[in-house]
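Below, each chain spelled out in residue letters.
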Amino acid sequence: MTAATIIITVLGVTASLALYRVIFGPTSWDRLIAVNLISSKVIMIMVAAAVFFERRIYLDVALVYAIIGFVSIIAISKFLEGEGTGKK
Amino acid sequence: MFFGTLGIIRFPDIYTRLQTSSKCDAAGAVAILVGLMVREGLNSFSLRILIILIFLLLTNPVATHAIARSAAIRGIKPWIKKKNVKGE
């Protein structure tokens, strides 16, 4: 059991536990919160893999994933704000 | 990071889930990334991890606030503990 195994296993297990809220969430905002949490955990897994396996390209992938996740969260929450009311 | 997922699964309301998710993102991500930076030492590798860390610190509260604002505008009421009927 090295440190890389422990970190990546714990993060992966908790990310798949948060998937419960994505599937059974009562409202759309619950699903949005859980997706935000999972994307944050995936960024952590990418950075840990980049450090422990000496792959520098994973850090750029993690940065781009963080930017796209942030923009999508903002866009979906602005969409849910006016959904069904006819306003923009 | 584990307790953030536990709060996501167990808590009864959007706003409480949002609070645990935000704490998990901020504190857990900062701890893991600072630990990896210290392990790596001073080079361009840890500089990129610092960039990801600053980006996460800037964007996570913004995403959390956007989700809470859209839920509040659509009229989601905060969860209130039910009163004990027999005691009154």
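Visitor: Where do I start with the overall build of chain A in this structure?
Guide: When helices and strands are counted, chain A shows 3 helices and 0 strands. In chain A, the order of α-helices and β-strands from amino to carboxyl end is α-α-α. Taking 2.2 N^0.38 as the reference for a compact globule, 88 residues should give roughly 12 Å; the C-alpha atoms of chain A span a radius of gyration of 16 Å, well beyond that estimate. For chain A, the spread of C-alpha atoms along the principal axes amounts to about 55 × 25 × 10 Å. Across the 88 residues that make up chain A, the buried fraction comes to 33%. Counted over contacts in chain A with a minimum sequence separation of 6, partners at least 24 positions apart contribute 42%.

Visitor: I keep staring at the interface of chain B and chain A and nothing clicks. Help me out?
Guide: As a measure of interface size, the accessible area lost when the parts come together is often cited. Taken together, the contact pairs 33 residues of chain B with 33 residues of chain A. Broken down by secondary-structure element, the contributors of at least two residues to the side of chain B that touches chain A are α1 (2–10), α2 (14–40) and α3 (44–73) of chain B. Along the lines of polarity and charge, the residues of the side of chain B that touches chain A split into 22 nonpolar, 5 polar and 6 charged.

Visitor: Can you help me understand the environment of Leu-36 of chain B in this one?
Guide: Summarising the element assignment, Leu-36 of chain B is placed in helix α2. When the 20 C-beta atoms within 10 Å are taken as the criterion, Leu-36 of chain B is described as buried. The spatial distance from the C-alpha of Leu-36 of chain B to the C-alpha of Ile-14 of chain B is 32 Å, given a sequence separation of 22 residues. Discounting residues that sit within four places of it in the chain, Leu-36 of chain B has contacts with Val-47, Ala-48 and Val-51 of chain A together with Ile-49 of chain B.

Visitor: Is there a simple way to explain the packing of α1 of chain B against α2 of chain B in this structure?
Guide: Helix-helix packing: each pair is described by the crossing angle between the helix axes and the interaxial distance. Residue and element names in this part refer to chain B. Put simply, α1 and α2 touch, their axes get as near as 8 Å, and they point 170° apart. By the angle between their axes, α1 is roughly antiparallel relative to α2. When α1 is examined against α2, the residues Phe-3, Gly-4, Gly-7 and Ile-8 are found in contact with a partner set consisting of Arg-17, Thr-20, Ser-21, Lys-23, Cys-24 and Gly-28. The class makeup of the residues in the contact of α1 with α2 is 3 nonpolar, 5 polar and 2 charged.

Visitor: Explain the packing of helix α1 (residues 3–24) of chain A against α1 of chain B here, please?
Guide: Close contact between α1 of chain A and α1 of chain B brings their axes to 9 Å; oriented N to C, the two are set at 10°. Our classification of the angle between α1 of chain A and α1 of chain B gives roughly parallel. In this structure, α1 of chain A uses Val-10, Thr-14, Leu-17, Ala-18, Tyr-20 and Arg-21 of chain A to contact α1 of chain B, whose residues at the interface are Phe-2, Thr-5, Ile-8 and Ile-9 of chain B. For the contact of α1 of chain A with α1 of chain B, the residue count by class is 7 nonpolar, 2 polar and 1 charged.

Visitor: What should I look at first to understand the nonpolar core in this one?
Guide: Generally speaking, nonpolar side chains in soluble globular proteins are found buried as a group. Residues Ile-33 and Val-47 of chain A together with Ile-52 and Ile-67 of chain B are the most contacted members of the largest nonpolar core, which totals 37 residues. A total of 13 residues in this core trace back to one element, the largest contributor, which is helix α2 (residues 28–52) of chain A. Beyond its immediate sequence surroundings of up to four residues, Ile-52 of chain B is in contact with Val-47, Leu-59, Ala-62, Leu-63 and Ala-66 of chain A together with Leu-33 of chain B.

Visitor: Quick question: what am I supposed to make of α2 of chain A here?
Guide: An α-helical segment advances 3.6 residues per turn. Residues three or four places apart therefore align on the same side. Compared with the 36 Å implied by 1.5 Å per residue over 25 residues, the 36 Å span of α2 of chain A between its first and last C-alpha is a close match. In the segment just after α2 of chain A, Glu-54 of chain A is the residue with positive phi, at about 60°.

Visitor: Which parts of the structure should I look at to understand the confidence of the model for chain A?
Guide: For any part of a model where pLDDT is low, the fine detail of the predicted coordinates should not be relied upon. Across chain A, the average pLDDT comes to 86, with 93% of residues at or above 70. Per-element confidence in chain A is highest for helix α3 (residues 57–81) of chain A, whose mean pLDDT is 90, and lowest for α1 of chain A, whose mean pLDDT is 86.

Scoring rules and cut-offs
- Residues numbered from 1 in each chain as written.
- Chains lettered and ligands numbered in written order.
- Predicted model: local features only at pLDDT ≥ 70, side-chain atom pairs only at ≥ 80, totals over all residues.
- Helix = DSSP H or I, 4+ residues; strand = E, 2+ residues; numbered from the N terminus.
- Rg over C-alpha atoms; globule rule 2.2 N^0.38 Å.
- Buried ≥ 20, exposed ≤ 12 C-beta atoms within 10 Å, placed from the backbone.
- Contact = placed C-beta atoms within 7 Å.
- Nonpolar A, V, L, I, M, F, W, Y, C, P; charged D, E, K, R; others polar.
- Axes fitted to C-alpha atoms, helices over the stretch in contact; angles between N-to-C directions.
- Parallel < 35°, antiparallel > 145°, perpendicular 65-115°, else oblique.
- Core = buried A, V, L, I, M, F, W, Y, C linked by C-beta atoms within 7 Å.
- Expected span 1.5 Å × (residues − 1).
- pLDDT = per-residue confidence, 0-100.

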